[in-house]
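Take a look at the letters that make up each chain.
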Amino acid sequence: MKLFAATAMIVCTLTSTGAFAQSTEVFPAGSRPSAQGPDATFTGSVIVDTLYMNDEHTGNSGHLVNFEPGARSAWHTHPAGQVLIVTSGAGWVQDEGGEKRHIKPGDVVWTPPGVKHWHGATDTTRVSHIAVTNVRDAKAVDWMEKVTDEQYLD
């Protein structure tokens, strides 16, 4: 049910631009290239598929992010917050100073603005999530240092 509600939120966000468009737009799967997550901001194998970018009609962007076992983001914050919708696998998310928490398909994770955190796969299982990232003053994320192996496995 959580996944349905989160998906409905994304659909509403995407279709809310219809008042400004001539008609509904469909962006076919596979029409946007996949990209390797940059080494500067990710550890391990991470593939990022852009679903949509923010523009004058939307205040957020959407990406499907696939983490192989052991892969994770660097520490980071979001100036306007972020929603993760876990679609498959098993992963972890952790706020700085907080406990590492397990995430699984159907879980929806809200990270408020300015909270330093990381997320990624467990050490044995891949995870995929849709990231809906709010944008403030043309900025979606502030990247910081990488999560060390010790921090990741602790």
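Just so you know, these numbers come straight off a predicted model, no measurement behind them. Residue indices begin from 1 for each chain and proceed along its sequence in written order. Restriction of local features to residues with pLDDT of at least 70 applies here, the model being predicted, together with a cutoff of 80 or more for giving and counting side-chain atom pairs; totals for whole chains, interfaces and linings are based on all residues. Think of the side-chain values as coming from all heavy atoms in the structure, minus any hydrogens and water.

**Section: unusual backbone geometry**
Right, on to step 1. A positive phi is found at Asp137, a non-glycine position, where the angle reads about 50 degrees.
Right, on to step 2. Per-residue accessibility, obtained with a 1.4 Å probe over protein chains only, is compared with the maximum for each type, and a residue is labelled buried under 20%, exposed over 50%, and partly exposed between these values. Judged by relative accessible area, which is 74%, Asp137 ranks as exposed.
Right, on to step 3. With a phi close to 65 degrees, Ala138 is a non-glycine residue in the positive phi region.
Right, on to step 4. Tracing the backbone shows Ala138 in the loop between strand S12 (127-134) and strand S13 (142-143). Elements are defined by DSSP. Helices are runs of H or I of four residues or more, strands are runs of E of two residues or more, and each kind is numbered from the N terminus.

**Let's talk about the side chain of Thr58**
Right, on to step 1. Among the structural elements, Thr58 can be located in the loop between strand S3 (46-52) and strand S4 (60-67).
Right, on to step 2. Polar contacts, as counted here, are pairs of nitrogen or oxygen atoms within 3.5 Å of one another; within protein the pair requires one atom able to donate a hydrogen and one able to accept it, and residues that are adjacent in sequence qualify only if both atoms are side-chain atoms. A distance of 3.1 Å separates a polar atom in the side chain of Thr58 from the backbone nitrogen of Asp55.

**Here we look at the sheet that holds S4**
Right, on to step 1. Strand pairing is assigned whenever DSSP identifies at least 2 bridges connecting the two strands. On the basis of which strands lie adjacent, the open sheet formed by 6 strands has the order S1-S3-S4-S12-S7-S10 and antiparallel pairing. At either margin of the open sheet sits one strand with a lone partner, and together these are strand S1 (34-36) and strand S10 (108-111). With direction set aside, neighbouring strand axes in the sheet form an average angle of 25 degrees. Axes, fitted as lines to C-alpha atoms, cover a helix only where it is in contact. Angles between the N-to-C directions of the axes lie from 0 to 180 degrees.

**Some points on the nonpolar core**
Right, on to step 1. Formed by 14 residues in total, the largest nonpolar core has its most connected members in Val46, Val65, Phe67, Ile103, Val109 and Val127.
Right, on to step 2. Of all the elements in the fold, those that place two or more residues in this core are S3, S4, strand S7 (82-89) and S12.
Right, on to step 3. Other than its neighbours up to four places away in sequence, Val127 contacts Val65, Asn66, Phe67, Val86, Ser88, Gly89, Ala90, Gly91, Gly120 and Ala121. We define a nonpolar core as any set of buried Ala, Val, Leu, Ile, Met, Phe, Trp, Tyr and Cys residues linked to one another through side-chain atoms lying within 4.5 Å. Contacts are assigned to residue pairs with any non-hydrogen atoms lying within 4.5 Å of each other.

**Observations regarding the side chain of Thr122**
Right, on to step 1. Here Thr122 shows up in the loop between strand S11 (117-121) and S12.
Right, on to step 2. Judged by relative accessible area, Thr122 falls into the buried class, the value being 6%.
Right, on to step 3. If we skip the residues at most four places from it in the chain, Thr122 touches Pro69, Gly70, Ala90, Gly91, Trp92, His102 and Tyr152.

**Some words on the packing of aromatic side chains**
Any pair of aromatic rings gets described here by the distance separating the centres and the angle formed by the planes.
Right, on to step 1. Stacked, tilted and edge-to-face are the three classes assigned to paired rings of Phe, Tyr and Trp, where Trp is represented by its six-membered ring and a pair needs centres within 6.5 Å; plane angles under 30 degrees give stacked, over 60 edge-to-face, the rest tilted. Using the criterion set out here, one finds 4 aromatic pairs in the structure.
Right, on to step 2. Aromatic pair Phe42 and Trp143: ring centres 5.5 Å apart, planes at 65 degrees, arrangement edge-to-face. Placement of the pair is Phe42 in strand S2 (residues 42-43) and Trp143 in strand S13, with a sequence separation of 101 residues.
Right, on to step 3. Taken together, the ring pairs connect Phe42, Phe67 and Trp143 into an aromatic cluster.

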